[in-house]
Structure formats: structure tokens, C-alpha cells
Amino acid sequence: AQSVSQHNHHVILSEAASLELGCNYSYGGTVNLFWYVQYPGQHLQLLLKYFSGDPLVKGIKGFEAEFIKSKFSFNLRKPSVQWSDTAEYFCAVNSPGGSQGNLIFGKGTKLSVKP
Amino acid sequence: ETGVTQSPTHLIKTRGQQVTLRCSSQSGHNTVSWYQQALGQGPQFIFQYYREEENGRGNFPPRFSGLQFPNYSSELNVNALELDDSALYLCASSSKSSTDTQYFGPGTRLTVL
């Protein structure tokens, strides 16, 4: 069965610090990879996604993620965080065009950015 | 905003009761998926509906059931509520042509006492 591991439960950074959130998945076949963000009191929003092609994916708000197939990883990065990036971040995976089309989520990483 | 709406926002029930949660999908989307998000956890897939039929199910018992209507809106029904059913229930919609990108609603917070 597919699973997703997010290494950090809670990350605390100061503004302007660089961010890297780890995500590893277990599945031997082709996968689609996603990062979702949940700002306080708001719904889950898609940050970026990887289906195929260039393994370096750029998303909204200056976020990017790199797919490293050999490491089964899809880490999220941002060079300089802002206070407004305080949120919970979820990595997710599914199989392309699968009959279920369901997303398997990690447990999430809470990011707190100090002003 | 994604255009996916859910009702009600909050709900309090007691053990053994039944509950119905509702979801309206984003315009142009014909597929609806339901997820359960327990406190401190990531969302867990319950099931998906496409063309009014269940199109995949996660590891949830049969007392979790659903419906999809011709306008693609959907209901999640939970019978014989248990304390562990307390969670945020999320609905996500997508179009079959791009099934792999799902857009989430704000969720319904269910508390079972």
C-alpha cells in the first residue's frame, strides 16, 4: 500500500530563513505528487503538483519542490519564508488515472514563522 | 476560494446517531471525493463518486456511505456514530479529464459526544 512520510511535525523559523520540508513516499510505480497548504481557518489549497517532466516544480507564493525518483522524495522548499507562510503543509501522492484517484496524505508539517 | 462548498460547517451528534453531510462540487467538475481528517492527522480517503456511482473506496466500514446526484453534488452518510468519528470531513471535486488534481472545500467539523 502507498504511504507518505513527512519527517517534521512542527518547524519554527524566523522570517527570511530558508525552508525545506521533507516528504518521502512508498510506491514502486508511477506517481503523481502534490503539496497542499492549509492556512489557519482556511481550506486545503493546492501549492504545487508534479505529474511528469522537469522534476523541479514551481508553485504559488515562491514555493518549489524537487522530485527525486531514486530517493522516493518530493521535498518542498522556499528560499525566504514570510510570516504569512505560517500554515500546515501536507504532502500527498496518488497513482495517475487510477480507478480510485484517491490521494494518500502525509500527517502534515506545521510551520510557524516568527516575525 | 475553490468553488467547492460544504454544509453544515459544524455539527454535534451523540453516539449511535446518524449524520448526513453535503457537498457541492466546483462548476465543471463531475467527480467528488470524501476525506476524513482527524485532529493532528492528514486527510484519509473515504470514497469517490463519479457519474453517481462509487468509484473507489478507502478503508472505512460500510456504515460510511454516499450518494452523488445528477448535478454532481454529493452526500456523505454515517450511521451508528462512534466517538472516533469526530473529525473534519472534507469534500474534494475534480473533473474526470484531470482526475488527479482535486480541489477541496472548507470541510464540516463533526463532533460525536
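Each remark here, short or long, concerns the structure printed above.
Residues numbered from 1 in each chain as written. Chains lettered and ligands numbered in written order. Predicted model: local features only at pLDDT ≥ 70, side-chain atom pairs only at ≥ 80, totals over all residues. Heavy atoms only, no water.

Undergrad: Can you explain the overall build of chain A? Please cite residues and give values.
TA: Across its full length, chain A holds zero helices and 12 strands. Along its sequence from the N terminus, chain A presents helices and strands in the succession β-β-β-β-β-β-β-β-β-β-β-β. Taken over C-alpha atoms, the radius of gyration comes to 14 Å for chain A, in line with the 13 Å a tight globule of 115 residues would show. Considering chain A as a whole, with its 115 residues, one finds that 46% of them fall into the buried category. (Helix = DSSP H or I, 4+ residues; strand = E, 2+ residues; numbered from the N terminus. Rg over C-alpha atoms; globule rule 2.2 N^0.38 Å. Buried < 20%, exposed > 50% of the residue type's maximum accessible area, 1.4 Å probe, protein only.)

Undergrad: Give a detailed account of the sheet that holds strand β1 (residues 5-7) of chain B, specifying residues and quantitative values.
TA: All names here are of chain B. Reading across from one edge, β1-β3-β8-β7 is the order of the four strands in this open sheet, with antiparallel pairing throughout. Edge positions in the open sheet fall to β1 and β7 (64-68), since each of these has one partner strand only. The sheet shows a mean angle of 20° between the axes of neighbouring strands, taken without regard to direction. Inspection of the sheet shows β7 paired to strand β8 (residues 74-78) by five bridges, in the antiparallel sense. What sits directly across from Phe 64, in β8, is Val 78. (Pairing = 2+ DSSP bridges. Axes fitted to C-alpha atoms, helices over the stretch in contact; angles between N-to-C directions.)

Undergrad: For the environment of His 10 of chain A, give the residues involved together with the corresponding values.
TA: All names here are of chain A. Within the secondary structure, His 10 is located in strand β2 (residues 10-14). Along the backbone, His 10 and Val 113 are 103 residues apart, and their C-alpha atoms lie at a distance of 11 Å. Looking at His 10, its side chain comes within polar contact range of the side chain of Ser 112, at 2.9 Å. (Polar contact = N/O pair within 3.5 Å; in protein donor to acceptor, adjacent residues only side chain to side chain.)

Undergrad: Please provide a residue-by-residue account of the state of the cysteines, values included.
TA: In total, this model carries two disulfides over all chains according to the counting rule given. In this model, Cys 23 of chain A is linked to Cys 91 of chain A through a disulfide, with the two sulfur atoms separated by 1.9 Å. The chirality of the disulfide connecting Cys 23 of chain A with Cys 91 of chain A is left-handed, given an S-S dihedral of about -65°. Placement of Cys 23 of chain A in strand β4 (residues 23-26) and of Cys 91 of chain A in strand β10 (residues 87-94) is noted, with a sequence separation of 68 residues between them. Assigned by exposure class, Cys 23 of chain A and Cys 91 of chain A land together as buried. One disulfide in the model links Cys 23 of chain B with Cys 91 of chain B; its S-S distance is 1.7 Å. Disulfide Cys 23 of chain B to Cys 91 of chain B: torsion about the S-S bond roughly -55°, handedness left-handed. Placement of the pair is Cys 23 of chain B in strand β3 (residues 19-24) and Cys 91 of chain B in strand β9 (residues 87-94), with a sequence separation of 68 residues. Cys 23 of chain B sits in the buried class, given a relative accessible area of 2%. (Disulfide = S-S within 2.5 Å.)

Undergrad: Tell me what's going on with the pattern of salt bridges, and back it up with residues and numbers.
TA: According to the stated counting rule, one finds eight salt bridges over all chains in the structure shown. Here Asp 85 of chain A and Lys 78 of chain A are joined by a salt bridge, their closest N and O atoms 2.9 Å apart. Considered together, Asp 85 of chain A and Lys 78 of chain A belong to a single accessibility category, that of buried residues. The closest approach of N and O atoms between Asp 85 of chain B and Arg 63 of chain B, which form a salt bridge, is 2.8 Å. (Salt bridge = Lys/Arg side-chain N within 4 Å of Asp/Glu carboxyl O.)

Undergrad: Which residues make up the packing of aromatic side chains, and what are the values?
TA: The relation between two aromatic rings is expressed through the spacing of the ring centres and the mutual angle of the planes. Residues and elements named next belong to chain A. For the structure shown, the criterion picks out 15 aromatic pairs over all chains. Ring centres of Phe 90 and Phe 105 lie 6.3 Å apart, and the angle between their planes is 85°; this geometry places the pair in the edge-to-face category. Taken together, the residues span a long stretch of sequence, with Phe 90 in strand β10 and Phe 105 in strand β11 (residues 104-105) at a distance of 15 residues. A relative accessible area of 0% means that Phe 90 is categorised as buried. (Phe/Tyr/Trp six-rings, centres within 6.5 Å; stacked < 30°, edge-to-face > 60°.)

Undergrad: Outline the pairing of strand β9 (residues 73-78) of chain A, listing residues and values.
TA: All names here are of chain A. Counting buried positions over the six residues of β9 gives five, a clear majority of the element. As judged from the three bridges shared by strand β3 (residues 19-21) and β9, these two strands associate in the antiparallel manner. Its bridge partner lying in β9, Leu 21 is registered against Leu 76. The pairing of strand β8 (residues 64-68) with β9 spans five bridges and is antiparallel. Bridging across to β9, Ile 68 finds its partner in Ser 73. In sequence, β8 turns back onto β9 through a hairpin of four residues, with Phe 72 there showing a positive phi of about 50°.

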